[in-house]
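Below, each chain spelled out in residue letters.
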Amino acid sequence: MGALLVGLARVTAAMVAALVIFWALSFQTSFLPVLHPLLMVIGFILLTGEAILAHRTLGRWSRGTRKSAHLALQGAAFSFGIFGIWAKFRASDGLLSNFLSLHSWMGLLCLSLFAAQLLAQGEGRRTRGSVLPWHVFVGLYTYGLAVATAETGLLEKLTFLQAGRGQGEAAAAAPRSAEAVVVNALGVGLALLCGVVVLAAVSPKSGRVGKKTSATAADRSNGDCAAATMSNGDDVANGHHHHRPYLSKQQN
């Protein structure tokens, strides 16, 4: 089940990457606006998903190697996120003009939580053990928030397309309709990807379930053996010997 979910996540991620590249190259006209969706979707969201799945996809590697790969993917995703925000600032009218929408506020919250996650990676072993459930929760929440932020950005783009179509631009109606289809498909793909990645992350590993079941069965078997031993000991202590009737018959 886990391998199937990971494979489905990879296929969905490839479809999302293909859609955002096609959208950027086919409908965007300048370089910096193209960088923002490419970096935030491929560089941030897709790499964050790979970081979440690293402990499952690298299950045969050592625990230290899995943690190093997880941290490296997180660091790369965070770098792409920062660069993507810089590209957005450089492509528009300045810093303050970009923080007037829900999309920008959610993006700032998402990167802040992501930075806090990276800082938490450097805590001691005892501290990590106590905050591990919170680390997993905040990581999945941040990933879901990143996808939701991307969806609000796509919604803004669709709103601009609708506003432009309403201004009587008949010549551009067909290309904008095609772009709206691509944007909608990208939004659906991101929603599906988020669900598959989160489900793969929280589903139990088959190996762990098997080991846990075997350990439980072994404990029960040992408990039954111990109970039988105690019962035989009680019989001996009370003078109840099962071979006495046989001995009595021999004496008679």
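No experiment lies behind these values; they were computed from the predicted model shown.

Draft legend 1. Seen up close, the overall build of the protein. If you tally the helices and strands in the protein, you get eight helices and zero strands. The order of α-helices and β-strands along the protein, N terminus first, is α-α-α-α-α-α-α-α. Expressed as a percentage of the 252 residues in the protein, the buried residues total 31%. Long-range contacts, defined here as pairs at least 24 residues apart, represent 77% of the contacts in the protein between residues at least 6 apart.

Draft legend 2. Quick peek at the nonpolar core. Trp-23, Phe-44, Ile-45, Tyr-143, Leu-186, Leu-190 and Val-197 are the most contacted members of the largest nonpolar core, which has 37 residues in total. Looking at this core, the elements that each hand over two or more residues are helix H1 (2-27), helix H2 (31-57), helix H4 (102-120), helix H5 (125-165) and helix H6 (173-202). Among residues more than four places away in sequence, those in contact with Leu-186 are Val-16, Leu-19, Val-20, Trp-23 and Leu-154.

Draft legend 3. Region of interest: the packing of H2 against H4. Interhelical geometry of H2 versus H4 gives an angle of 40° and a closest axis separation of 14 Å. Looking at the two axes, H2 sits oblique to H4. Regarding H2 and H4, the two cross each other, and that crossing is left-handed. Of the residues in H4, those in contact with His-36, Phe-44 and Thr-48 of H2 are His-103, Cys-110, Leu-111 and Phe-114.

Calculation notes
Residues numbered from 1 in each chain as written. Predicted model: local features only at pLDDT ≥ 70, side-chain atom pairs only at ≥ 80, totals over all residues. Heavy atoms only, no water. Helix = DSSP H or I, 4+ residues; strand = E, 2+ residues; numbered from the N terminus. Buried < 20%, exposed > 50% of the residue type's maximum accessible area, 1.4 Å probe, protein only. Contact = heavy atoms within 4.5 Å. Core = buried A, V, L, I, M, F, W, Y, C linked by side-chain atoms within 4.5 Å. Axes fitted to C-alpha atoms, helices over the stretch in contact; angles between N-to-C directions. Parallel < 35°, antiparallel > 145°, perpendicular 65-115°, else oblique. Left-handed = near helix turned anticlockwise from the far one by under 90°.

The values reported here are purely geometric and, on their own, carry no functional implication.
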